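Coordinate analysis (summary)
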Amino acid sequence: QVQLVESGGDLVQPGGSLRLSCAAPGSIFSRSTMGWYRQAPGNARELVAAITNGGSTNYVDSVKGRFTISRDNAKNTVYLQMNSLKAEDTAVYYCNLRLNPPYTYEYWGQGTQVTVSS
């Protein structure tokens, strides 16, 4: 079984910053695309940012210019740096690992709560 260990969620004021971390097994991390998803109450889970093993990234439009996803292959860890946080960023953030083709396995972390409020 694959375990993704997330950390970094907190309560912050609007305009503040947080950095989320997610550690994955080294045996599959280097062969995977890592992503951060979020789900607010009553909403569907949405992709926030993703990064391939080669370093290519993509972001949902609402976080472009504010969030940065990165990965440290030596530490088998993916990060999400979140700046200029807004109230609408409030959600549970989930780490996702998706193995590259030809594999189809996908794994999720337990989620970490991010609350942006004054």
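Remember, predicted model here, so these are calculated numbers, not experimental data.

A few words on the nonpolar core. Met34, Trp36, Leu80, Met82 and Tyr93 are the most contacted members of the largest nonpolar core, which totals 30 residues. Looking at this core, the elements with two or more residues in it are β3 (18–23), α1 (26–29), β4 (32–39), β5 (46–51), β7 (67–72), β8 (77–82), β9 (91–99) and β11 (112–116). A per-element tally of this core places β9 first, with five residues.

Residue placement: Thr112 occurs in strand β11. Residue Thr112 is classed as buried on the basis of its relative accessible area, which comes to 10%. Once residues within four sequence positions are removed from consideration, Thr112 is found in contact with Glu6, Ser7, Gly8, Gly9, Leu20, Ala91, Val92 and Tyr93.

So, about the state of the cysteines. Overall, the coordinates contain one disulfide when judged by the stated rule. Each sulfur of the disulfide joining Cys22 and Cys95 lies 2.0 Å from the other. Note on the Cys22 and Cys95 pair: the S-S dihedral is about -85 degrees, so by sign convention the disulfide is left-handed. Residue Cys22 is found in strand β3, and its partner Cys95 is found in strand β9; the two are separated by 73 residues along the sequence.

Rules used in this analysis
- Residues numbered from 1 in each chain as written.
- Predicted model: local features only at pLDDT ≥ 70, side-chain atom pairs only at ≥ 80, totals over all residues.
- Heavy atoms only, no water.
- Core = buried A, V, L, I, M, F, W, Y, C linked by side-chain atoms within 4.5 Å.
- Buried < 20%, exposed > 50% of the residue type's maximum accessible area, 1.4 Å probe, protein only.
- Helix = DSSP H or I, 4+ residues; strand = E, 2+ residues; numbered from the N terminus.
- Contact = heavy atoms within 4.5 Å.
- Disulfide = S-S within 2.5 Å.

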